[in-house]
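# Close look at the chain arrangement
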Amino acid sequence: MPTRALGRTVLLTGLLLLLGVALGRVDLVLLAAPFAIGAAINLHRRPKAVPEVTITADEEHIVEGGEVEAGITVANPDVIGYDLVVVRTRTSPWLRLRHADRPFAITVPSDGWAAIDLPGEALRWGRQDVGPAAARAAACGGLLACRPIVTPARGVRVYPVTEPFNATEAMPAAAGLVGAHRSRRPGEGGELAGVRQFAPGDRLRRIDWRVSLRTRDLHVAYTLSDRDAEVLLLLDVLGEVGLAGGVRGSSSVLDTTVRAAAAIAEHYLHRGDRVSLLEYGASGRRLRAASGRRQYLTVLEWLLDVRADPVEESFVVPHHISSSALVVVLTPLVDPRAADMLAQLTQSGRYTVAVDTLPTDAAPPVRNQWTPAASRLWRIERENVLGRLREHGVPVVTWAGAGSLDLVLRDVARMASAPRGR
Amino acid sequence: MLSSITARAGHLRKVLSRATAVPIMIRFSVWLTGLLALGVAWPAPLLASRYLGLLALLALWPALAPAGRGGTAVALTAVGGWLLDTAGFDARVALWRVLALAALLYLAHTLTALAAVLPIDSIVNLDVPGVWLGRAGVVILISSVLTVLALGLTADLGGSAFQVATLVGLAGATAVTVLLARMARRE
């Protein structure tokens, strides 16, 4: 595409030559000479191909607050070099890449390439985009320029940072056949449950010789079998509240939800339990239960796509929740449907723990003098809901990182050991 | 009206606060070469008057809006001043003035072309202006040699400058026509 500089060259050369010829002035012809020579030198070979832009981004495991290596490569497939390529790129606001908000001006040699490094930092979890990038090449001394070539964005996966989380309390119900928790059923395991008389089928190495000698009858020590448990993390994504401020800033509801879910999942998966995830939102995404490190990576990947997913009409909790699973509900308890859902879960006999993810400083924007009073009223009403939930036997705990769940898990375990049924 | 002016001023301040060194230097060079070309071309008595301020303002146009018509306007004004000086004020066509005017006009033109494609807030690799100015230097060198030869030739020939100018002009006009035809075919 010719630029205005080419038009200026042609106009000045033509005008000066015409005037020179018309007025018989050799000096005017000589003034036109650099323009004509410049055009001849620049235009004797012209590029035919447009630049090729590729965006490169880290494929490695990046955690919020970690470093990101992104870059843009501009390749020149032509036999003529580009005098100037201006590259602009957009990036996600949660990637702080050095100078990514400015255009870069580089030269690209013929049949070669030039790279722009964009080192930076990832500020928040999620799929963060580098790009789209646009490149505009100018050749032939700025007499020709191409239209911008746009390359689609490339996603960088930034995983949520997991605060070290610890829960030493027993799981309320162990469901599987093998695992790390002591169950309430006798079986092969490490936890001593008692001593009873020998019965056919008992292993000889289980015989308790001291008791047998004293009672003059064969006795065996029996143990509780080791079982794994299923943990279901139910993520309330009906709405987003609070201001997301990145890894070092304030946390919004979804930030807390995702980070807490990652921490809880990491903890239980590390202990050999099975963890499944479910979204409480319009789409109701679900991740089936599994265990192991592979599941941990799947959980992290699954968490990247958590979005606020509001739904208009009332809807019920999905029924396919295992009755023996420990249900950890991560909810800001802003939507009344979330409280209803918690109550339903508890009524149906699930072991439920609610984690309050509402940021302490969350407040609606001040519109008039009644806003603070209204917010206070709403806070009081919410406290009321929390109190009623606790009365119904739903422990509600505010997420505070490590050890958040210990106290309530003890309560749940105690409730679980009581006879079931209402 | 007032709000649009303040909005424009705010925009200008934002642009200037983001500007980087190399594009600023290139735009300053556009202004300087344009002003020098006007200074060389225009008659000295007129330059001493208040016209100098107007010319400096005119030279600012391509520096502020290099993608616009400012570059053409400055070049045409310089050529007009040159014609005025040599025809109206009967100044002698000195070799140094032709050399300087040709070089400055071309430099202003090529720097305006660079400034037009270079955003003012861009991070510039230093080889960009290097390659650009290197090529401009080659062009100016060739045309200077040509100027010295041609002016020497016309001085030798004495009064036959008209025929030489006609011949060179015809050749140049043919070359430009061929160039334009090639550009049109490419489109």
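Here the residue index of a chain counts from 1 through its sequence in written order. Both sets of labels track the order of writing: A upward for chains, 1 upward for ligands. Confidence filtering applies because this is a predicted model: local features only for residues at pLDDT of at least 70, side-chain atom pairs given and counted only at 80 or more, and all residues used for totals across whole chains, interfaces and linings.

### Topic: the overall build of chain B
How we decide: Helix and strand definitions here come from DSSP, where helices need a minimum of 4 consecutive H or I residues and strands a minimum of 2 consecutive E residues; each element is numbered from the N-terminal end. Exposed residues have 12 or fewer other C-beta atoms within 10 Å of their own C-beta, buried residues have 20 or more, and residues in between are partly exposed; the C-beta atoms are placed from the backbone. Contacts here follow a simple rule: the backbone-placed C-beta atoms of the two residues must lie within 7 Å.
Along chain B, the regular secondary structure elements total 8 helices and 1 strand. For chain B, the N- to C-terminal ordering of α and β elements is α-α-α-α-α-α-β-α-α. Counting only residues that meet the buried cut, chain B has 35% of its 187 residues in that class. When contacts within chain B are restricted to residue pairs at least 6 apart in sequence, those whose partners lie at least 24 apart make up 78%.

### Description of the overall build of chain A
Per the secondary structure count, chain A includes 8 helices and 19 strands. The buried share of chain A, taken over its 422 residues, is 42%. Considering only contacts in chain A between residues 6 or more positions apart, those separated by 24 or more positions represent 73%.

### What about the sheet that holds strand β19 (residues 396-398) of chain A?
Strands in a sheet are paired, the pairing made by backbone hydrogen bonds, and the direction either parallel or antiparallel. All names here are of chain A. Test applied: Any two strands with at least two DSSP bridges between them are considered paired. Between N-to-C directions, angles cover 0 to 180 degrees, with each direction set by a line fitted to C-alpha atoms, over the stretch in contact for helices.
In spatial order, the strands read β16-β15-β14-β17-β18-β19; together these 6 strands make up an open sheet with mixed pairing. Each edge of the sheet is formed by a strand with only one pairing partner; in this case those strands are β16 (286-290) and β19. For this sheet, the mean angle separating the axes of adjacent strands, direction not counted, is 20°. Here strand β15 (residues 274-280) runs beside β16; their pairing, made up of 3 bridges, is antiparallel. Within the sheet, the bridge partner assigned to Leu278 lies in β16 and is Arg286. Where helix α6 (residues 336-347) meets the sheet, it contacts β14 (230-236), β15, β17 (326-331) and β18 (351-356), and its direction lies at approximately 155° from that of β18.

### Side note on unusual backbone geometry
Residue and element names in this part refer to chain A. One non-glycine residue, Asp111, lies in the positive phi region at around 55°. Position of Asp111 relative to the elements: it lies in the loop between β6 (104-108) and β7 (113-122). For Asp111, a count of 12 C-beta atoms within 10 Å translates into the label exposed. Its identity as a non-glycine residue notwithstanding, Leu333 has a phi of 55°, on the positive side. With respect to the secondary-structure elements, Leu333 resides in the loop between β17 and α6. Since 20 C-beta atoms lie within 10 Å of it, Leu333 is described here as buried.

### Focus: the interface of chain B and chain A
The line we're drawing: Think of it as three bins: nonpolar holds Ala, Val, Leu, Ile, Met, Phe, Trp, Tyr, Cys and Pro, charged holds Asp, Glu, Lys and Arg, and polar takes everything else, Gly as well.
Taken together, the contact between chain B and chain A spans 53 residues of the former and 45 residues of the latter. Among the elements of the structure, α5 (70-88), α6 (95-117), β1 (123-124), α7 (127-157) and α8 (161-186) of chain B are those that each provide at least two residues to the side of chain B that touches chain A. A total of 15 residues in the side of chain B that touches chain A trace back to one element, the largest contributor, which is α8(B). For the side of chain B that touches chain A, the residue count by class is 37 nonpolar, 13 polar and 3 charged. Of the pairings in the sheet, the one linking β6(A) to β1(B) comprises 2 bridges and is parallel in character. Paired with A:Phe104 across the two strands is B:Ile123, which belongs to β1(B).

### Brief notes about the packing of helix α2 (residues 21-41) of chain B against α6(B)
All names here are of chain B. We apply this condition: Oblique is the label for any angle not covered by the other classes, which are roughly parallel (under 35 degrees), roughly antiparallel (over 145) and roughly perpendicular (65 to 115). We call a crossing left-handed when the near helix sits turned anticlockwise from the far one by less than a right angle, and right-handed when that turn is clockwise.
α6 packs onto α2 with a crossing angle of 150° between their chain directions and a minimal axis gap of 8 Å. In this view, α2 runs roughly antiparallel relative to α6, as classed from their interaxial angle. Judged by the twist between their axes, the crossing of α2 over α6 is left-handed. Touching Pro23, Ile26, Arg27, Ser29, Val30, Thr33, Gly34, Leu36, Ala37, Val40 and Ala41 of α2 are Arg97, Ala100, Leu101, Leu104, Leu105, Leu107, Ala108, Leu111, Thr112, Leu114 and Ala115, all from α6. Residues of the contact of α2 with α6, tallied by class, amount to 16 nonpolar, 4 polar and 2 charged.

### Re α2(B)
This is how it is decided: A helix's residues, less one, multiplied by 1.5 Å, set its expected span.
Compared with an ideal rise of 1.5 Å per residue, which puts 21 residues at 30 Å, α2(B) spans 30 Å between its outermost C-alpha atoms and is within 8% of the ideal. Turning to α2(B), its buried residues number three or more, namely B:Pro23, B:Ile26, B:Arg27, B:Val30, B:Thr33, B:Gly34, B:Leu35, B:Ala37, B:Leu38, B:Val40 and B:Ala41.

### Observations regarding the confidence of the model for chain B
Residues and elements named next belong to chain B. This is how the line gets drawn: Within a predicted model, pLDDT stands for the predictor's per-residue confidence, ranging from 0 to 100.
Summary statistics for chain B give a mean pLDDT of 83 and a share of 85% for residues scoring 70 or more. Here α8 is the element of chain B with the lowest mean pLDDT, 65, and α2 is the one with the highest, 92. Model confidence for the complex is summarised by a pTM of 0.75, with the ipTM given as 0.84.

### Topic: the pairing of strand β4 (residues 82-91) of chain A
All names here are of chain A. A large share of β4 lies buried, amounting to 8 of its 10 residues. The pairing of β4 with β6 spans 4 bridges and is classified as antiparallel. Looking at β6, one finds that Tyr82 is bridged to Val108.

### Quick look at the environment of A:Ile207
Residues and elements named next belong to chain A. Note on placement: Ile207 falls in the loop between β12 (181-197) and α3 (209-215). Spatially, the C-alpha atoms of Ile207 and His219 are 5.7 Å apart, while their sequence positions differ by 12 residues. When neighbours within four sequence positions are excluded, Ile207 is seen to be in contact with Phe198, Ser212, Leu218 and Val220.

### Remarks on the nonpolar core
Cut-off, in case you're wondering: We call a set of buried Ala, Val, Leu, Ile, Met, Phe, Trp, Tyr and Cys residues a nonpolar core when their C-beta atoms link them within 7 Å.
Ranked by internal contacts, the top residues of the largest apolar core, which has 145 residues, are A:Leu233, A:Ala261, A:Val328 and B:Leu101. Excluding residues that lie within four positions of it along the chain, B:Leu101 makes contacts with A:Leu31, B:Ala37, B:Val40, B:Ala41, B:Ala78 and B:Trp82.

### Here we look at the sheet that holds strand β5 (residues 95-97) of chain A
All names here are of chain A. Reading across the sheet, the 4 strands line up as β1-β3-β7-β5 and stay open at both edges, with antiparallel pairing between neighbours. Two strands close off the open sheet at either side, each with one partner strand: β1 (52-56) and β5. Averaged over all pairs of adjacent strands, the angle between their axes in this sheet comes to 25°, without regard to strand direction. As paired strands, β1 and strand β3 (residues 67-75) are joined by 5 bridges and run antiparallel to one another. Opposite Thr56, over in β3, you have Gly71 as the bridge partner.

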